[in-house]
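Per-entry structural report
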Amino acid sequence: MKRVIEAFHVKRKSESSVGFIQIIFVILVVVGTIGITKLIRHSASSGPDISSTLENVVVDTTQPARVSYTLTRTATGEVEARASVDISPQVSGRITHISPNMMPGKVVKAGEALFQIDPTDYELALKQAEAQVASAEAELLQTEATAGNFIKDWKQVFPDEPTPPLVAKEPQVKARRATLLSAKAAVEQAKLNLKRTRYTLAYDARITESRIERGQLVNTTGQYGNLYATDGLRVRVSMAPEDIVLLDLAQGKAVDVVSDLAPDMPVPATITSIGGNLSTTTRLQNVFISLPKDTSWVPGTFVTVSAKRQIDGEMYELPSSALATTNSVWTVSSGKLKQTIVDVVDVKEDILYTRPFDAGDGVVTTEVPTSFVNRPVKVRHRDGEPS
C-alpha cells in the first residue's frame, strides 16, 4: 500500500511539471510576437520615404514606313456545275442507236446525237398530217368556189344590195380556213416529233451518268442519265462578309483560281455573283466564280481562290508588335506615352498595315500596360539604330 501511495504522488508531481512548462511556452510565444511587431513598426517608420515621382517607362520605338499595298485574301472553294441535267427524251420509242460518247466522263459536242429513237411511227404521223393539210386545202377551195357562185347569183337578182354573209358562205369559209391552219400546225408538230427522235444538245456537255442501251424502250417520263454543260462550271467559295467588303468583290471582278492538283498553274476567272445570305453555321457568304470553258476540272475539285485589291494612297507599315489593342498603338509625344487610334487595313505575316496617322516621335513596339497613358518614356532603342 505504501508503494502505491508513493507512486501516486510521483505521478501528480510529473503532471504539474508538464503543465508549468506549457504555460511558460505560451508566454514566450506571445512576448516574441509583440517584439517582432514592434521591430517591424520601428523599421517601417525609420525607412526611406516612397517617391511620388513616376519612373520612366523603358520602350523600343520605330518610325512607320510609307508603302503602297495590295490587299490579298485566299479561300478554299470547290468546283461545281451550275445544274445537273437529266437525260430524258421528249418522245417515246425504242432506241436504235447510241453514240460512243454516251458514257460517263465523255464529252459530247453541240448537235451530236446521243441516241436515236426508232423514227418509223413519227414518219408515218408526219405523212398523215400532210394528208390532212391537202384535204383541208381542197375543202377550202370547194367552199370558196361555191360561195363565189352564190355571190354572182345574188348580184344578178339584187345588183344594188350587199351580199349577206350567209349567202356568201362566210362562216363556212372561215371554218375551212381554221381547219387548214390546224392541219398545218399538226404537220409542224409531226416534224418536231420526228426531229426529237434524234436526241441532241444545243451545247457541249459532259456525261456524268448513263442508263440507256440499244433496244431499250424509253418514254418522256423516264430519266436515263445525267450531264452538265462544260461552260456551266463554276467555283463556290465561302468568305467572311467583311473580307468581301474590304476586297470590294462584285460581279465581273477578276480573281485567280488554283487547283490543288496544279498549284503552280493559276487560272484567271471572273466573279459572277455574290450569295444573298449567310450560312447559319459558319456565318460566311458564298461567292460564285465562273470558269473558262476549256477547263479540265470536274465537279468536286478543290481549289484555292485568290482575290486582290490595290489600296488607294500610301499606307503605314509597322511590325505587328506595335498593335496595343485591335485599333490603337502607343506613340511617344514630348517624351510621354500616348495611345493613338489607327485605321488597321491588314495584318499579314507579322506586319501591320494602317492608314497614315500621327506617329509623333515614334511608335512603341514593346508591350506596355494600358494604364500607362502619359507616363514619361525612356527610349531604349529606335528602329534603325544600332542596339
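Here, every reference points to the structure presented above.
Before going into details, it helps to say that this report is about the structure given with it. Just so you know, these numbers come straight off a predicted model, no measurement behind them.

Thresholds, definitions, all that
- Residues numbered from 1 in each chain as written.
- Predicted model: local features only at pLDDT ≥ 70, side-chain atom pairs only at ≥ 80, totals over all residues.
- Heavy atoms only, no water.
- Patch = residues over 30% accessible without salt bridge, like charges linked within 9 Å, V, L, I, M, F, W, Y side chains within 5 Å.
- Areas by Shrake-Rupley, 256 points an atom, 1.4 Å probe, with all protein chains shown as cover.
- Salt bridge = Lys/Arg side-chain N within 4 Å of Asp/Glu carboxyl O.
- Helix = DSSP H or I, 4+ residues; strand = E, 2+ residues; numbered from the N terminus.
- Axes fitted to C-alpha atoms, helices over the stretch in contact; angles between N-to-C directions.
- Parallel < 35°, antiparallel > 145°, perpendicular 65-115°, else oblique.
- Left-handed = near helix turned anticlockwise from the far one by under 90°.
- Nonpolar A, V, L, I, M, F, W, Y, C, P; charged D, E, K, R; others polar.
- Pairing = 2+ DSSP bridges.
- Contact = heavy atoms within 4.5 Å.
- Core = buried A, V, L, I, M, F, W, Y, C linked by side-chain atoms within 4.5 Å.
- Buried < 20%, exposed > 50% of the residue type's maximum accessible area, 1.4 Å probe, protein only.
- Phe/Tyr/Trp six-rings, centres within 6.5 Å; stacked < 30°, edge-to-face > 60°.
- Lys NZ or Arg CZ within 6 Å of the ring centre and 35° of its normal.
- Expected span 1.5 Å × (residues − 1).

**Notes on a nonpolar patch on the surface**
- Residues Ile23, Ile24, Ile27 and Leu28 make up a contiguous nonpolar surface patch of about 380 Å² in total accessible area.
- Here Ile27 shows up in helix H1 (residues 2-46).

**Topic: the packing of helix H2 (residues 120-157) against helix H3 (residues 170-196)**
- It is the contact of H2 with H3, at a shortest axis distance of 8 Å, that shows an interaxial angle of 165°. On the basis of their axis angle, the class for H2 and H3 is roughly antiparallel. For H2 against H3, the interelement crossing comes out left-handed.
- Its residues assigned to classes, the contact of H2 with H3 shows 15 nonpolar, five polar and nine charged.

**Side note on the sheet that holds strand E8 (residues 198-199)**
- Across the sheet, which stays open at both edges, the four strands sit in the order E8-E7-E5-E10 with antiparallel pairing between neighbours. Whereas interior strands pair on both sides, the edge strands pair on one side only; in this sheet they are E8 and strand E10 (217-218).
- In the sheet, strand E5 (residues 93-98) pairs with E10 via two bridges, with the strands oriented antiparallel. Looking across to E10, one finds that Arg94 is bridged to Leu217.

**Here's the deal with the environment of Val332**
- Relative to the elements of secondary structure, Val332 occurs in strand E19 (residues 328-333).
- Sequence separation between Val332 and Val363 is 31 residues; the distance between their C-alpha atoms is 6.5 Å.
- Aside from chain neighbours lying at most four places away, what touches Val332 is Thr61, Ala359, Gly360, Asp361, Gly362, Val364 and Val377.

**Quick notes on the pairing of strand E17 (residues 315-319)**
- Sheet analysis places strand E2 (residues 65-67) next to E17, joined by three bridges and oriented antiparallel. Along E17, the bridge assignment pairs Val67 with Met315.

**Notes on the nonpolar core**
- Counting residues in hydrophobic clusters, the biggest one holds 29 residues, and the most contacted among them are Val235, Met239, Val255, Val257 and Ile289.
- Those elements that provide at least two residues to this core are strand E3 (70-81), strand E12 (233-239), strand E13 (254-259), strand E14 (262-278), strand E15 (285-290) and strand E16 (302-310).
- Among the elements that take part in this core, E12 stands out by supplying four residues, more than any other.
- Counting 18 residues, the second largest nonpolar core, distinct from the first, contains Leu114, Ile117, Ala205 and Ile207.

**Looking at the packing of aromatic side chains**
- Counted by the stated rule, this structure contains four aromatic pairs.
- Measuring from centroid to centroid gives 3.9 Å for Tyr69 and Tyr353, while their planes differ by 20°, and the two rings are stacked. Residue Tyr69 is found in the loop between E2 and E3, and its partner Tyr353 is found in strand E22 (residues 351-354); the two are separated by 284 residues along the sequence. There is no split in this pair, since Tyr69 and Tyr353 are both buried.
- Sitting above the plane of the Phe372 ring, Arg375 keeps its charged end 4.3 Å from the centroid.

**Observations regarding the sheet that holds strand E9 (residues 205-210)**
- Here we have four strands laid out as an open sheet, ordered E4-E11-E9-E6, and antiparallel in their pairing. In the strand order of this sheet, the two ends are held by strand E4 (85-86) and strand E6 (107-108), each with one partner.
- Here E9 runs beside strand E11 (residues 225-229); their pairing, made up of five bridges, is antiparallel. Note that in E11 the partner of Ile207 across the bridge is Leu227.

**Notes on H3**
- For H3, spanning 27 residues, the distance from its first C-alpha to its last is 39 Å, which sits close to the expected 39 Å at 1.5 Å a residue.
- When H3 is considered as a whole, its buried residues turn out to be Val173, Leu180, Ala183, Val187 and Ala190.
- The inward-facing, buried residues of H3 contact H2.

Function cannot be read off these values alone, since they describe shape.
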